[in-house]
Amino acid sequence: SDMASVDLNTSSYLSVRIHGVDTDFADFYTIDIVNDLPYSRGTGAYKVSYCVLEDGYGDACSLAFPCKNGEPCETVGRQANKHDLATYADNDKLKGFFHGFVQHQKRRFTTETFYTDYKYYRRYMVSPKEIQEAVRYGEAWYRPAHRFNSYPRREPSFLGTDSYPDGMGGWAEVPESESRAPMDLDNNVGPEYFADGGSVGTPGSPPGKEWRYNFEIEAPGSGGIFLVPLEAPQPMQDIAPWTVCDAQIREDPTKKVTNISRHNSTSYGFLAPFFDGDSYSGSTVRLKLATTMQEVRVTRTWINIMTCCVVNITREICALNRTEVRDSGAVRITTIDEYATASIEVNNTFDLQPTPKPTSNNTATTATEVPKTISIPAAPSRTEALDLTATHDRLRGFVGGFAMRDHVYFVPHFDGRNPGHVIARLEAEDFSQATVKALDLWRWDTSLAGYFGGFGYTTHGAGIEYGFLVPHAALTGPVGKVNSQHPADTWAPGVGQDWNLDYSDGRDTSTRLGERHWYEEGGSFHSEYRTEGSQRTAVGGDHTTEYFHGKLVRLHLADFESTGDAPFDVLDLTEIDPDLRGFAGGSVVGRYGLLVPYKNRVGDDGFFGKLVKVDLEAFTVEAVLDLTRLEINSETTEISGDALRGFVGGVSFGKYFCLVPHRNNRRDINYNKRDHSALVVRVDVDDFTISTGVKVVDLSKVVRQQIPSQPDNELRGFLHGFAAGEYLYLAPHFGRDFHGKLVRIDMRDFGTLADLQATDQSTDVPVGTPGAYTGVQYVDLERSDPNLVGFSGGFSVRS
């Protein structure tokens, strides 16, 4: 019942650097010789807090976990922590789970809309033509004084030739078209007034804002331009709006609408119940792992694109060119750990008071300061169990599952009587018996049973949601054939026997999984003792054998509760290739489902290596890749084509699919004649070829980024894995013994390490080598607690 949580955010452990290697994730240590014996010196990643009492008073651990001086504190906060699920939920049957998965439950919290209107004061909107004229007049007016020197002048109306400063005074060029007054430019007769500006106003200037001029002097220009002598220099701020204009393009918002949506997303972990040590179990566990608060801010802004210029210092004229609508957005995400290291505040009780401590000096009086609230670990209160068998007796013995939208699904493997054929579905948020639903495949097809994991997929365009069950093994008998229920093949109740089936089976795992089967109704079909769910005794022995199959099931999740037509399709892979049976897990890469090859025949030589690529849109087999055809025969590693078989679980990583090594029975090449494999395979799903699309790393022979760095031959026999960030993690299970070495592979180094091993070169890549990262490392969970060994899978969650 012991589950491990591991902090994958390694920044907390970057406190020690040994021989140039950062202590960022794994169990880094040096070897010292003390009294002629090797002594491993840790680096802090596995630091254990101990209870230290001050003068016999106080508690250095937690009020929730009183301690004695010198004993380890039973608190969380280390890199690896143990969680006893049976204790948390007060249920000693919560053990023996087979893999798990995460479901993210999203709920909209609030939505708000904000409106903003922009107003610009002292801004005058004009036409584009007026802007052009203002620019032209400004260029004619605002010029260096020497420009006027060539113009004829007449005193006393104007100052002397050298009396005009730069930029003001002098002559204004006014087009003839601007005036409707009589004039004769050919005979140097200028207008006596401007009809649109008054007898003393400049053309186009607003009334009362005229720039005064004197037109006693006529100095004809060319091209219909005549010169109007201006009266006297004046400060720039007194110039009329049309006089000076340095036009520029402006982009100003006029209106903005902002929508803010705040979402709360709760991440739950679900454990698939399998066998609790006494019976095939249906008690699943939900863990509240983390809460993510997401704020999505989407803003739509209306922008006026204008040509503008500032005149008279405080005045602005603009001409509208066009209006654009622009969208922008921002997302802010905050995630809070709710399980692994989280704590909650609870009211203090007499059972959780600290040890009284003297507070007075030199007196016999003592006082006790008792806090009103205390912090205790949150994990126990966020561990919930639900017995699925309360809804349907066959909802037990699952291997893995998957989540789609608001529901989670558990994949049937073996229920204690028969290969599993009843799928469980329940709501993730409403974790109650009322939401549990069962789909019995045998209602439509009794050949469908015995699956090993699954995954969900939503089609592109139509958005149809499917669930896929990975085919593994069923049973067959000489009389009843596949999944036989005939008493001549299986088991039947004895006369006078107890009919209450308790699912108990105390035999070893291999015998239990493959050889003991049950008959649902018992005995003869006409027996007076016929009772559903009866205990059975052998009648002539059990004649069924394990039957590996290749029937891939596609569930129509929207029709899960259908009682009419079958809510599923079946693709029999053996019709393509008889070897395509006995898979163990799978995953999705793009539009493809990848099925992991494990074992397709009974016996030691039954492990196989044909990876199947299924087009999930069309539900057809796209390609089959026989990994055993890889032509590598390494002399320094266990890598060979024929050894690439017997995987359990696969992990999607971008365009790659990684196969988790479990058992290949290649005792001739495995270290110390081991059954279990250390060969991690990465397949490029886009380049699904044996020659260029496959890379292999032998974990047992790779030099690790740890001190000491020599290869560890025990890194083998994993069950499932998961990806997080740039890394692939493999769940430790069994090599020589059950072990707890959680392996992390930096996928940026995978290709390099694979190429080095394929050519029998050293994988000892020095720290700091360009293009090299952190390679292969591991955390030995067994060092934190001896029970943290033999896991069947894992998952990651942001916290």
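Structure report, in brief. (Residues numbered from 1 in each chain as written. Predicted model: local features only at pLDDT ≥ 70, side-chain atom pairs only at ≥ 80, totals over all residues. Heavy atoms only, no water.)

## Details of the sheet that holds strand β19 (residues 407-412)
Strand pairing in a sheet relies on backbone hydrogen bonds. The paired strands run either parallel or antiparallel. This is how it is decided: If DSSP finds at least two bridges between two strands, the strands pair. Helical segments are the DSSP runs of H or I of at least four residues, strand segments are the runs of E of at least two, and each set is numbered from the N terminus. Here an axis means a line fitted to C-alpha atoms, over the contact stretch when the element is a helix, while the angle between two N-to-C directions is reported on a 0 to 180 degree scale.
Taken together, the four strands give an open sheet; going across it, the order is β18-β19-β20-β21, and neighbouring strands pair in antiparallel fashion. What marks the edges here is a single partner per strand, and that holds for β18 (398-404) and β21 (437-440). For this sheet the average axis-to-axis angle between neighbouring strands, irrespective of direction, equals 20°. Where β19 and strand β20 (residues 422-427) come together, four bridges link them in antiparallel fashion. Residue pairing in the sheet places F410 in a bridge with A424 of β20.

## A closer look at the packing of aromatic side chains
Note the threshold: Two aromatic rings, drawn from Phe, Tyr or Trp (for Trp, its six-membered ring), form a pair once their centres lie within 6.5 Å of each other, and the interplanar angle then sorts them: stacked below 30 degrees, edge-to-face above 60, tilted otherwise. Buried, partly exposed and exposed residues are distinguished by accessible area as a fraction of the type maximum, computed with a 1.4 Å probe on protein chains only: under 20%, between the cut-offs, and over 50%, respectively. Both a distance and an angle decide whether a charge sits over a ring: NZ of Lys or CZ of Arg must be within 6 Å of the ring centre and within 35 degrees of the ring normal.
Tallying each qualifying case throughout the model produces 21 aromatic pairs. Aromatic side chains F101 and F270 sit 5.9 Å apart centroid to centroid with 20° between the ring planes, which places their arrangement in the stacked category. One end of the pair, F101, is in strand β7 (residues 97-117); the other, F270, is in strand β12 (residues 248-273), with 169 residues separating them in the sequence. Judged by its relative accessible area of 0%, F270 falls in the buried class. Geometrically, the ring pair formed by F734 and F738 is edge-to-face, given 5.0 Å between the ring centres and 75° between the ring planes. Here a set of aromatic residues connected by ring pairs shows up, and it is made of F98, F274, F275, Y280, F414 and F452. The ring centre of Y592 lies 4.3 Å from the NZ or CZ of K613, which sits over that ring.

## Topic: the environment of G790
Put simply, the rule is: In what follows, residue pairs with any heavy atoms lying within 4.5 Å of each other are defined as contacts.
Along the polypeptide, G790 turns up in the segment after β42 (776-780). Separated by 49 residues in the primary sequence, G790 and K741 place their C-alpha atoms 9.4 Å from one another. Apart from residues no more than four positions distant in its own chain, G790 is found in contact with P732, H733, F738 and H739.

## Points about the sheet that holds strand β34 (residues 620-626)
In space, the four strands of this open sheet follow the order β31-β32-β33-β34, with antiparallel pairing throughout. Unpaired on one side and paired on the other, β31 (583-589) and β34 mark the two borders of the sheet. Ignoring strand direction, the axes of neighbouring strands in this sheet form an average angle of 20°.

## Some details on the pairing of strand β32 (residues 592-597)
Within β32, six of the six residues are buried, which leaves the element mostly enclosed by the surrounding structure. Alternating residues of β32 divide into Y592, L594 and V596 and G593, L595 and P597, and every residue in both groups is buried. Bridging between β31 and β32 involves five bridges; their strand directions are antiparallel. Residue G586 lies in a different strand from β32, and its bridge partner there is L595.

So, to be careful, I would describe these as geometric facts and stop short of saying anything about function.
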